[in-house]
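Summary of structural features
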Amino acid sequence: MPDSRVPRLRRFLVCEPRHFAVQYSINPWMHPDTPVDVDLAQDQWQELIRAYRAHGHTVDAVEPVAALPDMVFAANCALVLGGRVLGSLFHAPERRPESTAYDTWFKSAGYEVFRSESVCEGEGDLVPAGRYLLAGTGFRTTREAHRQAQEFFGVPVVSLQLVDPRFYHLDTALFVLDDGTGSHPGNIAYYPEAFSPGSRAVLARLYPDAVIATREDAMAFGLNSVSDGRHVFIAPRAKELADQLARQGYVPVPVDLSEFQKAGGGIKCCTQEIRP
Ligand code: ARG
């Protein structure tokens, strides 16, 4: 199996953390009293962009807006699938204006944006996985938004119940390793305890060969990773998970975004994928 993993080149949309800060608390990781080192955040983020480009991926950027400190978490702004854009309606009032800034970018790039009518936080909770759209709920994105996403994209949605507030978005507890082809369903990595018993059983049924992460690796944002099918851009502290992936023929590419953990974010959170 090693060396048979083939990368697929991606197009990513990101937002520079020029105005990154922790000014309010909308998840258990955020403590507005803890100072954020913006220079370190900038350096770490630039490293991520360099790593993507060094592996052949295309990276576009949205202009950051001064009063929107969470705008760096581009994954939350939309889900783009088959060239169709489902724009977000954020749960927290503090983040709602981000949608307008991202919509403007999508429109100027030639995309029509359908804005969700129910709370929906884009790729934070909606994760395309080959023939299914895996969809998290419990803290942010609603079940109504799942139904809407299924109608909008015409892809079967698998609703998954998140139960641990530390893993408030699906992309903090699960990521797609490869999309699969034809009859092959692809594969994922996840942390089972972040899900309700029923959702855990669904994941076990759909992905019997999934990579299972420890709590420690999940708490290190190891599941907030981006895979291109071969390279896995992953938090360096998620050591055991990286080793497991390497044994399965993937190539871990460690990128440290520790400063963003103070806002409850990591690699995937900073990365929106534009799927043509
Ligand atoms: N502070 C942000 C929030 O709570 C972090 C978002 C992280 N993004 C993600 N895709 N999980 O909304």
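A few points on the structure. Being a predicted model, the structure only gives us computed values, none of them experimental. (Residues numbered from 1 in each chain as written. Predicted model: local features only at pLDDT ≥ 70, side-chain atom pairs only at ≥ 80, totals over all residues. Heavy atoms only, no water.)

**A closer look at the overall build of the protein**
The line we're drawing: Helix and strand labels come from DSSP, where a helix needs a run of H or I of at least four residues and a strand needs a run of E of at least two; each type is numbered from the N terminus. Radius of gyration here is computed from C-alpha atoms only, and the compact-globule reference equals 2.2 Å multiplied by the residue count raised to the power 0.38. Each residue is placed in one exposure class: buried if its accessible area under a 1.4 Å probe, protein chains only, is under 20% of its type's maximum, exposed if it is over 50%, and partly exposed if it falls in between. Here a residue-residue contact requires only that any non-hydrogen atoms of the pair lie within 4.5 Å. Every accessible area reported is derived by Shrake-Rupley at a probe size of 1.4 Å, with residue values counting cover from the shown protein chains alone. Positive residues here are Lys and Arg, negative ones are Asp and Glu, while His and the chain termini are left out of the count. One atom stands in for each charge, and that atom is NZ of Lys, CZ of Arg, CG of Asp or CD of Glu.
Counting its regular elements, the protein contains 7 helices and 15 strands. For 276 residues, the compact-globule estimate of 2.2 N^0.38 gives 19 Å, and the protein sits close to it at 17 Å. Along the longest, intermediate and shortest principal axes, the C-alpha atoms of the protein span 45 × 40 × 35 Å. Each of the 276 residues in the protein was classed as buried or not, and the buried ones make up 58%. A separation threshold of at least 6 residues defines the contact pool for the protein, and within that pool the share at least 24 residues apart is 69%. Summing over all exposed atoms, the protein offers an accessible surface of approximately 11,200 Å²; the carbon and sulfur share of this is 52%. Distance from the positive charge centre (27 side chains) to the negative charge centre (34 side chains) of the protein: 4 Å.

**Some words on the sheet that holds strand E4 (residues 84-87)**
Under the convention used in this document: Paired strands, as defined in this entry, are two strands with at least two bridges between them according to DSSP. Every axis corresponds to a line fitted to the C-alpha atoms, with the helix fit spanning only the stretch in contact, and the corresponding angles, defined between N-to-C directions, vary from 0 to 180 degrees.
As summarised here, the arrangement of the 3 strands in space is E3-E4-E5, forming an open sheet in which the pairing is mixed. At either end of the open sheet lies a strand with only one pairing partner, and these are strand E3 (78-81) and strand E5 (113-115). Looking at each pair of strands side by side, their axes are set apart by 20° on average, direction ignored. Across 3 bridges, the pairing between E4 and E5 is parallel. The residue bridging Val85 from the neighbouring strand is Val113, located in E5. In this fold helix H3 (residues 143-153) packs onto E3, E4 and E5, with an angle of close to 165° to the strand it touches most, E4.

**Things to note about the site of the ligand**
The condition that has to hold: Here a residue is considered near a molecule or strand provided that any single heavy atom belonging to it is located within 4 Å of it. Each residue receives one of three labels: charged for Asp, Glu, Lys and Arg, nonpolar for Ala, Val, Leu, Ile, Met, Phe, Trp, Tyr, Cys and Pro, and polar for the others, Gly being one of them.
Close to the ligand lie 16 residues, the nearest being Asn27, Asn76, Arg95, Asp171 and Cys269. Here the ligand loses 100% of its free accessible area of 350 Å² to cover by the protein chains. Along the lines of polarity and charge, the residues of the shell around the ligand split into 6 nonpolar, 6 polar and 4 charged.

**Notes on the environment of Val158**
Within the secondary structure, Val158 sits in strand E8 (residues 157-161). Along the sequence, Val158 and Ser116 sit 42 residues apart, while their C-alpha atoms lie 18 Å from each other. Excluding residues within four positions of it along the chain, Val158 makes contact with Tyr132, Leu133, Leu134, Ala135, Val202 and Leu206.

**Some remarks on the sheet that holds strand E10 (residues 187-190)**
The strand order E9-E10-E11 describes an open sheet built from 3 strands, whose pairing is mixed. Each end of this open sheet is capped by a strand with a single partner; those strands are strand E9 (174-178) and strand E11 (211-212). Pairing of E9 with E10, which is carried by 4 bridges, proceeds in the antiparallel orientation. Along E10, the bridge assignment pairs Val176 with Ile188.

**Observations regarding the nonpolar core**
Stated precisely, the cut-off is as follows: The definition of a nonpolar core used throughout is a set of buried Ala, Val, Leu, Ile, Met, Phe, Trp, Tyr and Cys residues joined through side-chain atoms within 4.5 Å.
Grouped together as the largest cluster of nonpolar side chains are 33 residues, with contacts concentrated most on Leu134, Leu174, Ile188, Phe195, Leu241 and Leu245. Looking at this core, the elements with two or more residues in it are strand E6 (126-129), E8, E9, E10, strand E13 (231-234) and helix H6 (239-247). With 4 residues, the top contributor of residues to this core is E9. Among residues more than four places away in sequence, those in contact with Ile188 are Leu134, Leu174, Phe175, Val176, Leu177, Leu203, Tyr207, Ala210 and Val211. Of all hydrophobic cores here, the second largest spans 26 residues; its members include Ala51, Val72, Leu257 and Ile267.

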